[in-house]
Every structure is written in structure tokens, then in C-alpha cells.
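Survey of secondary and tertiary structure
What follows is the residue order along each chain.
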Amino acid sequence: MAQAMEKTIEQKLQALLKLQGIDSELDNIKRLRGDLPNEVQDLEDEIAGYQTRIQRFEEQIKELEHAISDYKNKKKESERLIEKYKNQQMNVKNNREFDALSKEIESEELEIVLCDKKTKEAKEKIESKKVEIDNVKKILADRNKYLQEKQKELAQLVEESEEEEKKLLADREKQKAQIDERLLISYEKIRKNSSNGLAVVLVKRDACGGCFNIVPPQRQVDIREKKKLIVCEHCGRILAGVEEVAVQVDEKATRKKGIRKVTEEA
Ligand SMILES: [Zn+2]
């Protein structure tokens, strides 16, 4: 730059405003990405929860099937024993032995009834688990579809903004070089302490564009003159001008549905 040595206050303010515009756009990119990655993460967690639930149901079904096969074996064994006892009864020496075997047979018959009952119960449980799995699978398919949409949205957003972000960061470096270090440090400090990332604002409708407190008319005259750096006495933000003076800078920032809109509407 030709007039590199000492810039006028007006030039300094103009350079700061431009930097602020770039930073606000960068903030906006981060803000736009801010929600979506969390949303995608929440959805992924939710889906993992459904998958775990399905897995648990499937494990329970396997356990029940295992139990059914145990009951089946137990029943077979009882049938075999009954057969054996009945054969033994043919060769008993007395009534006492016969009665003892009858008791054994009775007990095995009870065992068979019990196995049948438990098998029936287990089969019913399996059926209800399968219904539950189907229900969860329906929800899962729905959430998966939604996740895919969100992932696509996020990928697009990142892709789109990545390039823009790169360009803005390069612009920022160039713009930073236009501003002397001490002023830049103040700017960064104010920006860091500001909830909306604004360090340099305009006076809008008689109010500070950062904190919306009234700026007295005499102070507005001084701000318009741009003979010295004036900060808002309420929030400490740099007041770079009165609204109509630097409209074109502001328009550029608002075009990107940015943070600046908030101050614009207030
Ligand atoms: Zn203020």
C-alpha cells in the first residue's frame, strides 16, 4: 500500500470494519456447522441404541430357543424313562416294586407336562420379541433415512463452506496486514469478550450496534468526524461510524444471512 506509514483514523476504521465483516462471515460458517454435527451425532447415538435393543431381543430369542431345545431333550429323556419303567414293571417281584415304578412314571409324566408348558411359554415369548424387533426395525429404518439426509446435508455444508472458509481466511490474512498490531490486539480482545463476535460496529438508529445502548448526539458527531478512535462507553466496542456512512460494508455482511443481521434488525 502506498500510504503505508501512517494511516488516517478513517482508513483504520475502514480496515477494521472490513476485517470485522470477514470475521463475521467466518463466525457464521462455524455457527451454521455448529448445530448439524451435533444433530448427526445425536441421531447416530439414537440409532446405535435401537440396534443394541434389537441385538438384545435377538439374544433373548436365542436363549429361549436354546431353552426349548433343552425342554425337548428333557421330554425325550422322560419318555425314554417311562418306557424303561414300564418294561421293568413287567418283571417286578412284588406290588411294592410295582408301585415304586408307578410313582417314577407319574413323576416323569409330570415332567413332560411341565416341559410342554414351558415350551409353549417360550414360544409365546419369542413371538412377542419378534413383534418388538419388527417395531424397532421400523423406527430404525425411519431414523436411518433421516440420518442419511442429515449426513448429506452436513457433507454438503462442509464442502460448500470449506472453500468459502479458505477464501475468507486468506482474505483475513491480507486484511490483518492492513491494520497495525496494537489495534489488532485490541480488536481481537474486544471480539473475544463479545458474545456475538462483534468488535467493530456502527451507530444505528442512535444506538451502539453492539449493545444497543443510546449513543448521545454529540458523540455521534465525533464518530462521524473520524478524527479519533471512539469506543462505546457501555460495551467497549469500537464505533466505526454512523449507519449511513458505511452501508456498503454492512450490506456485504448481511447478504450472507449473517450474524450482522441481528444488529441490523435491532
Ligand atoms: Zn456498545
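Scroll up to find the structure this text is about.
Procedures and definitions
Residues numbered from 1 in each chain as written. Predicted model: local features only at pLDDT ≥ 70, side-chain atom pairs only at ≥ 80, totals over all residues. Heavy atoms only, no water. Donors = N, O, S within 2.8 Å, 3.2 Å for Na, K, Ca; no water. Tetrahedral: all angles 85-135°; square planar, octahedral: opposite > 155°, others 65-115°. Helix = DSSP H or I, 4+ residues; strand = E, 2+ residues; numbered from the N terminus. Buried < 20%, exposed > 50% of the residue type's maximum accessible area, 1.4 Å probe, protein only. Pairing = 2+ DSSP bridges. Contact = heavy atoms within 4.5 Å. Axes fitted to C-alpha atoms, helices over the stretch in contact; angles between N-to-C directions. Salt bridge = Lys/Arg side-chain N within 4 Å of Asp/Glu carboxyl O. Parallel < 35°, antiparallel > 145°, perpendicular 65-115°, else oblique. Left-handed = near helix turned anticlockwise from the far one by under 90°. Nonpolar A, V, L, I, M, F, W, Y, C, P; charged D, E, K, R; others polar.

Structural notes on the coordination of the zinc ion
With distances of 2.2 to 2.3 Å, the protein atoms coordinating the zinc ion are Cys208 (SG), Cys211 (SG), Cys232 (SG) and Cys235 (SG). Coordination at the zinc ion is tetrahedral, judged from the four donor atoms that bind it and the angles of 107 to 114 degrees they form at the metal. Of note, the donors binding the zinc ion are all from one chain and are spaced C-x2-C-x20-C-x2-C. Taken as a pair, Cys211 in the loop between β2 (207–208) and α4 (217–225) and Cys232 in the loop between α4 and β3 (238–242) lie far apart in primary sequence, 21 residues in all. Taking the relative accessible area as the measure of exposure, Cys232 reaches 3% and is therefore buried.

Structural notes on unusual backbone geometry
Of note, Arg205 is a non-glycine position whose phi angle comes to about 45 degrees, a positive value. Relative to the assigned elements, Arg205 resides in the loop between β1 (200–204) and β2. You can call Arg205 exposed: its relative accessible area is 56%. Of note in this structure, Phe212 is not a glycine but carries a positive phi near 65 degrees. If you trace the backbone, Phe212 turns up in the loop between β2 and α4. Residue class for Phe212 comes out partly exposed when judged on its relative accessible area of 40%.

With respect to the sheet that holds β3
Across the sheet, three strands lie side by side as β2-β1-β3; this open sheet has mixed pairing. Each end of this open sheet is capped by a strand with a single partner; those strands are β2 and β3. Of the pairings in the sheet, the one linking β1 to β3 comprises four bridges and is parallel in character. Bridging across to β3, Val203 finds its partner in Val242. Where helix α1 (residues 9–89) meets the sheet, its contacts fall on β1 and β3, and the angle it forms with β3 comes to roughly 105 degrees.

A word on the pattern of salt bridges
It is possible for side chains of opposite charge to pair when their charged atoms get near one another. Applying the stated rule across the entire model yields 15 salt bridges. A salt bridge links Arg80 to Glu77; its shortest N-O distance comes to 3.0 Å. Of this pair, Arg80 and Glu77 both sit in helix α1, three residues apart, which is roughly one turn of that helix. Note on Arg80: relative accessible area 46%, which makes it partly exposed. Note that Lys167 and Asp171 form a salt bridge whose closest N and O atoms lie 2.9 Å from each other.

A word on the packing of α1 against helix α3 (residues 181–193)
Following both chains from N to C, one finds α1 and α3 inclined at 40 degrees, their axes separated by 12 Å at the closest point. What the angle tells us is that α1 and α3 run oblique. The handedness of the crossing between α1 and α3 is right-handed. Contacts from Lys12, Leu16, Leu19, Gln20, Asp23 and Asp27 in α1 reach Leu183, Leu184, Tyr187 and Arg191 in α3. Here the residues of the contact of α1 with α3 sort into five nonpolar, one polar and four charged.

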